[in-house]
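# Fold and geometry: a report
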Amino acid sequence: MASRPRITIVVGARPNFMKAGPVLHALQRHGGFEVKLVNTGQHYDERMAGSFLRDLGFPKPDADLGVGSASHGKQTAQVLASFEEWLLAHPQDLVLVVGDVNSTIAATLAAVKLHVPVAHVEAGLRSGDRAMPEELNRLATDALSSLLFVTEPSGVDNLRREGARADRVELVGNTMIDTLLRFREVALQSPRPPDWPDRYALVTLHRPSNVDDGAALRGILGALQELSAELPLVWTVHPRTQKRLEDFGLAGAATAGGRIRLVPPLGYVEFMAAMARARLILTDSGGVQEEALVLKVPVVTLRENTERPVTIDCGGNLLAGNDPARILAGARTMLARDPAAFRVPEGWDGKAAERVVARLERFFAEGPSL
Ligand code: UD1
Ligand code: UDP
């Protein structure tokens, strides 16, 4: 091993940047590690990747793999092949991956096959739904990782049930919330876009089960149109969803005659401000369920399950699936709840990345192993 352990952090898709940033910065502050950053390029639009690298204070990546969009097999294979090549040319002592996207499992597989241990930030989350691509990525990544950094108690239980080594599982809290707390004041002070309504519900959707299925998307649109008669909506449209709205000829209907404002994906601080000012959030995003809880904005999740059950236990989230009547009923229920009563899980305190680094230090002191 080199005199300072060499750690490479892998990012690639929008939700990776908020989770990885605090760890990278904490490792840099510590000074005892040689830190590198690899960007797979799974997301590549300025609004899906570039703006986050810049705004969250990342250094220039040591490698841009430039994999881009493709089918699951091709995208995963391209990250696997390119990252393996990079690792062979730049030997590492540990690879740190975050979240549950295709880049996460691909980088993990490349590393362990070269006998490089992997640390997984946001390990142990389980939706129980194997039709969800992320669930397969989570299961496989956790099975191969040497260090499992967990955000909420359910993750520890899941890993224990699956037989993970107890000394490799660490409930550290939520590094995505480290990022939120770092930028919260700036976001709260930023002015509301002048043409946005004063009271509104915020919408984000991108799960294939909601947007790739025409009937499901039509049903959701019907519910959003009806809700918009009571409360105007602002919808930040993910590129997958934009494509589907166009494919299904629904882009016009989605505006509900002006009561639903469609906007492109927002930058990190702009989006946090949009969440904080919203009366309600309707989403199928994983990260948004967690961030909204800390911002104390009620959420209706347009899914049948969540891998983040603590958000429900803490009072801030309700599952509504994609049935229009349930979405409307869910919205009314959550609008009636008192957000001041929402609780914040243990370890969602801005210091999760420091706990990750402390455990990494111990891992190397004990003698790293796969
Ligand atoms: C991916 C992740 C998902 C995560 C989401 C966050 C997987 C399996 N899925 O889903 O877990 O919640 O990112 O946003 O890893 N596109 C662009 N520009 C981009 C990126 C994508 O136009 O910068 C379009 C392309 O048409 C692409 C489609 O969006 O085919 C889907 O992108 P992809 O990365 O395959 O999946 P996401 O739905 O973004
Ligand atoms: N986000 C953003 N702009 C947007 C929508 C989301 O900055 O227009 C942020 C959000 O605050 C969170 C992350 O993107 O930090 C969540 O990513 P996404 O919903 O794409 O993925 P998921 O969490 O579902 O994997």
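Let me begin by describing the structure that accompanies this report. (Residues numbered from 1 in each chain as written. Chains lettered and ligands numbered in written order. Predicted model: local features only at pLDDT ≥ 70, side-chain atom pairs only at ≥ 80, totals over all residues. Heavy atoms only, no water.)

So, on to the packing of helix α7 (residues 175–189) against helix α12 (residues 286–295). Close contact between α7 and α12 brings their axes to 10 Å; oriented N to C, the two are set at 45°. With respect to α12, the element α7 is oriented oblique. With respect to the hand of their crossing, α7 and α12 are arranged in right-handed fashion. Taking contact as the criterion, the partners of Met 176, Ile 177, Leu 180, Leu 181 and Arg 184 in α7 are, on α12, Gly 287, Glu 290, Glu 291, Val 294 and Leu 295. Looking at side-chain class alone, the contact of α7 with α12 contains 6 nonpolar, 1 polar and 3 charged residues. (Axes fitted to C-alpha atoms, helices over the stretch in contact; angles between N-to-C directions. Helix = DSSP H or I, 4+ residues; strand = E, 2+ residues; numbered from the N terminus. Parallel < 35°, antiparallel > 145°, perpendicular 65-115°, else oblique. Left-handed = near helix turned anticlockwise from the far one by under 90°. Contact = heavy atoms within 4.5 Å. Nonpolar A, V, L, I, M, F, W, Y, C, P; charged D, E, K, R; others polar.)

It is worth spelling out the packing of helix α9 (residues 214–228) against helix α14 (residues 324–336) at this point. Following both chains from N to C, one finds α9 and α14 inclined at 35°, their axes separated by 8 Å at the closest point. The two elements α9 and α14 meet at a crossing, and its hand is right-handed. Touching Gly 219, Ile 220, Ala 223, Glu 226 and Leu 227 of α9 are Pro 324, Ile 327, Leu 328 and Ala 331, all from α14. By residue class, the composition of the contact of α9 with α14 is 7 nonpolar, 1 polar and 1 charged.

All right, on to the nonpolar core then. If you look at the biggest cluster of nonpolar residues, it comprises 90 residues, and the most contacted ones within it are Leu 96, Trp 235, Leu 282 and Leu 360. If you tally residues by element for this core, the top one is helix α1 (residues 14–30), at 7 residues. Membership of the second largest hydrophobic core comes to 18 residues, among which are Trp 86, Val 112, Val 116 and Val 118. (Core = buried A, V, L, I, M, F, W, Y, C linked by side-chain atoms within 4.5 Å. Buried < 20%, exposed > 50% of the residue type's maximum accessible area, 1.4 Å probe, protein only.)

Around ligand 2 sit 18 residues, and of these Arg 207, Leu 266, Ser 285, Gly 287 and Glu 291 come closest. Between Ser 285 and ligand 2, the recorded distance is 2.7 Å, taken from a side-chain N or O atom to an oxygen atom. Here Gly 286 contributes a backbone N or O atom positioned 2.8 Å from an oxygen atom of ligand 2. Contact with the protein chains hides 97% of the accessible area of ligand 2, taken as 530 Å² for the molecule alone. Elements with a minimum of two residues in the shell around ligand 2: α1, α11 (268–277) and α12. For the shell around ligand 2, the per-class residue count stands at 9 nonpolar, 6 polar and 3 charged. (Near = heavy atom within 4 Å. Polar contact = N/O pair within 3.5 Å; in protein donor to acceptor, adjacent residues only side chain to side chain. Areas by Shrake-Rupley, 256 points an atom, 1.4 Å probe, with all protein chains shown as cover.)

Quick look at the site of ligand 1 now. Around ligand 1 sit 18 residues, and of these His 43, Asn 102, Glu 134, His 206 and Arg 240 come closest. Separating an oxygen atom of ligand 1 from a side-chain N or O atom of His 43 is a distance of 2.8 Å. Between ligand 1 and the protein, one listed contact pairs an oxygen atom with a side-chain N or O atom of His 206 at 2.8 Å. For ligand 1, the accessible surface in isolation is 750 Å², of which the surrounding protein chains cover 89%. Taking a 2 Å distance to the grid points as the criterion, the majority of the atoms of ligand 1 fall inside the largest pocket. Of all elements in the fold, only α3 (72–89) and α10 (239–247) reach the threshold of two or more residues within the shell around ligand 1. Looking at the shell around ligand 1 element by element, the count peaks at 3 residues for α10. Here the residues of the shell around ligand 1 sort into 5 nonpolar, 8 polar and 5 charged. (1 Å grid on protein atoms, 1.4 Å probe; cavity = no way out; pocket = protein on both sides within 12 Å on 5 of 7 lines; lining within 4 Å. Sits in = over half its atoms within 2 Å of the grid points.)

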